[in-house]
Amino acid sequence: MTNTEDNKKLERIRLAVPSIGEGERKNLNKCVDDEFVSTVGEFVDEFERRLAKVSGVESAVAVSAGTTGLHASLVVLGVKPGDLVILPTFTFIASANAISHAGATPWLFDISESTWTLNVNKVRDALETKTKRTPDGDLIHVETGRRVGAIMPVYTLGIPADMDEVGELAKAYGLPVIADAAAAIGCTYKGRPLGALADLTVYSFNGNKTITTGGGGGVVGANTDRLKTVKHLTTTARPSTASYDHDAIGFNYRMTNIEAAVGCAQIERLEEFLKAKERIRRAYDEAFKAISAMVTTFPDPEDRMSAHWFSGIVLHPASGKSVKDVTDALDKANIEARPFWKPVHLQKPYREAPTEPCVVADDLWDRIVTLPCSTNLKAEDQDRVIKAVLDVFS
Ligand SMILES: *Cc1c(COP(=O)(O)O)cnc(C)c1O
């Protein structure tokens, strides 16, 4: 039998799949038994309480997706049609799409090499040299004549951005900060929990994130009144269920009780999942030291605690391998590996968006391979992945 036939008999190792168990089943059964399956129910309230708690803040709003949470947050923080919103180009396209859904346009910036998050120095320089203040107080991007409405740092791979520096800039220029923390639940920044680092912080609970609700998202922040506004706007802006009076153009961005039922069971296991993610990362980092001339591993800055959402390798030009070479080889070994985000400024809908030079992102993005990192990845399966990767470079 050939090697490939051998491997076909081995179960396929998936990239990032959820771990669903008895707790989720029990909660889902309760939704059915109680007949609370839609947008109200005890699990939604409970999930919001738990989400606030793990974020270190008083309140949270459960929403239908990370994307819709970002959209609503931009609107609540005053981003208007025509505005620019400062965004790192190296992110999942949903961050940019949420900005577009608010009628605004991303103003795209490079990332820093050591954290893969927004390069705040470049933002500072651009704000100094490329904007001016109008007599009525608006901050205008001179070249396009557009108002700058907000800053949206992204916590890449679960690594918080340089939030002290972002906060200083935001204060100096009077800009609100919306953090795209889609995959970052559980990380901390200089010992501080995530929820109060930005004006509003948005999670995703899509199936490939550290905890999932099937599909869903969450918004957290330190200002409880602002969170009430998020809740109001994402639930059709209806002050009371006693009447069909609506006081604004709201959204239907609610999470269902079924989704929150899964979320409640998942969030109880957050510590377990975070530990698994970290253990997986350490094992890859350790194993690939042997091929450090050809690949490096993902960043893990010392001054903040990453949530280690995804793990993988970055190919050096000296390796002579492309991402496809590696993913094809792993596929033959029945292992799922994938490329990672293509920067927003290289995406068809955003080619015209104002973009600062993005040297780091341009050089980095098509050298990244993500490797299996499901929280239920077995040690022997990870060994299989490691062996398959080492084989590619031997
Ligand atoms: C997953 C993700 C999103 C989108 O979240 P959805 O729940 O799929 O809408 C946004 N931004 C980043 C950085 C993500 O990783």
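Analysis parameters
Residues numbered from 1 in each chain as written. Predicted model: local features only at pLDDT ≥ 70, side-chain atom pairs only at ≥ 80, totals over all residues. Heavy atoms only, no water. Buried < 20%, exposed > 50% of the residue type's maximum accessible area, 1.4 Å probe, protein only. Helix = DSSP H or I, 4+ residues; strand = E, 2+ residues; numbered from the N terminus. Arc of directions from axis to C-beta. Contact = heavy atoms within 4.5 Å. Polar contact = N/O pair within 3.5 Å; in protein donor to acceptor, adjacent residues only side chain to side chain. Phe/Tyr/Trp six-rings, centres within 6.5 Å; stacked < 30°, edge-to-face > 60°. Lys NZ or Arg CZ within 6 Å of the ring centre and 35° of its normal. pLDDT = per-residue confidence, 0-100.

## Things to note about helix α6 (residues 120–130)
Those residues of α6 lying buried are V120, V123, A126 and L127. Projection of α6 onto a plane perpendicular to its axis shows the buried side chains occupying an angular sector of 120°, all on one side. Away from the buried face of α6 by more than 90 degrees, exposed residues E128 and T129 are located. Contacts made by the buried residues of α6 are with β2 (84–88), β3 (105–109), β4 (131–133), β5 (139–141) and α7 (163–173). N-capping of α6 is provided by N119, with a side-chain oxygen placed 3.1 Å from the backbone N of N121.

## A few points about the packing of aromatic side chains
One pass over the structure, following the stated rule, counts 14 aromatic pairs. On the basis of an interplanar angle of 65° and a centroid distance of 5.5 Å, the ring pair of F90 and W341 is categorised as edge-to-face. A residue pair is termed long-range when its members are at least 10 positions apart, and F90 in the loop between β2 and α5 (93–101) and W341 in the loop between α11 (323–332) and α12 (359–364) qualify at 251 residues. With respect to class, F90 is no different from W341; both count as buried. On the numbers, 5.1 Å between centres and 55° between planes, the contact of W116 with F298 is tilted. Of this pair, W116 sits in the loop between β3 and α6 while F298 is found in the loop between β12 (295–297) and β13 (304–305), placing the two residues 182 residues apart along the sequence. Summarising the burial analysis for this pair, W116 and F298 share the class buried. Through a chain of ring-to-ring contacts, three or more aromatic side chains come together here, namely F90, W116, F298, W309, F310, F340 and W341. Its end group placed over the ring of Y244, R238 keeps NZ or CZ at 3.9 Å from the ring centre.

## Quick word on the confidence of the model for the protein
Of all residues in the protein, 98% attain a pLDDT of 70 or more, and the chain-wide mean is 96. When pLDDT is averaged over each element of the protein, β2 comes out on top at 99 and helix α1 (residues 3–9) at the bottom at 58.

## Here's the deal with unusual backbone geometry
One non-glycine residue, L157, adopts positive backbone phi at about 60°. You can see L157 is positioned in the loop between β6 (146–151) and α7. We classify L157 as buried; its relative accessible area is 1%. Phi at K190 is positive, roughly 50°, even though this residue is not glycine. Here K190 lies in the loop between β8 (188–189) and β9 (192–193).

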